[in-house]
Amino acid sequence: SQQGEEDPQALSIQEGENATMNCSYKTSINNLQWYRQNSGRGLVHLILIRSNEREKHSGRLRVTLDTSKKSSSLLITASRAADTASYFCATDAEDQAGTALIFGKGTTLSVSS
Amino acid sequence: SQTIHQWPATLVQPVGSPLSLECTVEGTSNPNLYWYRQAAGRGLQLLFYSVGIGQISSEVPQNLSASRPQDRQFILSSKKLLLSDSGFYLCAWSAGRGRWDSPLHFGNGTRLTVT
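Residues numbered from 1 in each chain as written. Chains lettered and ligands numbered in written order. Predicted model: local features only at pLDDT ≥ 70, side-chain atom pairs only at ≥ 80, totals over all residues. Heavy atoms only, no water.

Visitor: What exactly am I supposed to notice about the layout of surface pockets here?
Guide: One way to see where empty space is left: roll a probe the size of a water molecule over the atoms. Taken as a whole, the largest pocket encloses approximately 460 Å³ of empty space. Along the wall of the largest pocket there are 24 residues; nearest its centre are Ser86, Phe88 and Thr108 of chain A together with Gly41 and Arg42 of chain B. Counting residues per element, the ones that place at least two in the lining of the largest pocket are β1 (5-7), β9 (85-91) and β11 (107-112) of chain A. In terms of residue count, β11 of chain A provides more of the lining of the largest pocket than any other element does, four residues in total. Residues belonging to the lining of the largest pocket are distributed by class as follows: six nonpolar, 13 polar and five charged. (1 Å grid on protein atoms, 1.4 Å probe; cavity = no way out; pocket = protein on both sides within 12 Å on 5 of 7 lines; lining within 4 Å. Points joined across faces, edges and corners; volume = space filled by probe spheres on them. Helix = DSSP H or I, 4+ residues; strand = E, 2+ residues; numbered from the N terminus. Nonpolar A, V, L, I, M, F, W, Y, C, P; charged D, E, K, R; others polar.)

Right, here's the structure in full:
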């Protein structure tokens, strides 16, 4: 089954800086979602972008989608220490009706104060 | 509001022992239900999903099984645990009725250690 792959695997920044994470996938999709996971906890949904959308915003989050390159990026602006977590992209598959979301391996973000 | 409960939070079991993890959802009807497993430092592996009572789809052949005896109850089981079954097990739900574009809502997970 297809899978999103995040890049980089790990990212360390200072508070106030922007953090950019990328996700690449293999086949056509209906939508792409980004999730956040604090250590030892369940995942929390951040944002969903559909295949006919190019950009979405939610607070300090900005997600872009380039279906021609089969890639997406998550930008967190003005990072805070509380943003420290792992971030995952998840994709469905356009040609597999009824297939659940497939997650990538995630990007671990560390924001230091 | 909708809530998802998953228990136990941690579990240590010997090799060869049985397993039963339970997940229940409140505040919604006909949800899609999922079991994912996360190995240390790895991504999520989809194990099972269900679109309705008694309907289980398995993504990975292994010694685990899942059941959905009630609309909002999802159970992960094993008759005999293997060392490789250790991991962080996450239950999740999403709006059902054939929709696959809804966000997943996760429980807080069960940390399983097989010794």
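Back to the write-up after that little detour.
Visitor: So what exactly am I meant to see when it comes to the interface of chain B and chain A here?
Guide: The figure often quoted for interface size is the accessible area lost as the parts come together. Residue-level contacts link 19 residues of chain B with 21 residues of chain A. When chain B packs against chain A, close to 1,700 Å² is buried across both sides, 54% of that on carbon and sulfur atoms. Between the two partners, chain B and chain A, sit zero salt bridges. Scanning the region where chain B abuts chain A turns up four residue pairs in polar contact (both at pLDDT 80 or more). (Contact = heavy atoms within 4.5 Å. Buried area = accessible area lost by both parts, 1.4 Å probe. Salt bridge = Lys/Arg side-chain N within 4 Å of Asp/Glu carboxyl O. Polar contact = N/O pair within 3.5 Å; in protein donor to acceptor, adjacent residues only side chain to side chain.)

Visitor: What should I look at first to understand the sheet that holds strand β8 (residues 71-76) of chain A in this one?
Guide: Hydrogen bonding along the main chain pairs the strands of a sheet, whether they run parallel or antiparallel. Residue and element names in this part refer to chain A. Taken together, five strands build an open sheet; the order of strands is β1-β3-β8-β7-β6 and the sheet is antiparallel. Both edges of this open sheet fall to β1 and β6 (55-58), since each of them pairs with a single strand only. Each strand of the sheet is rotated relative to its neighbour by a mean of 20 degrees, with strand direction disregarded. Pairing analysis gives four bridges linking β6 to strand β7 (residues 61-66), with the strands arranged antiparallel. Bridge pairing in β7 links Ser58 to Leu61. (Pairing = 2+ DSSP bridges. Axes fitted to C-alpha atoms, helices over the stretch in contact; angles between N-to-C directions.)

Spatial relationships are all this shows, so hold off on functional conclusions.
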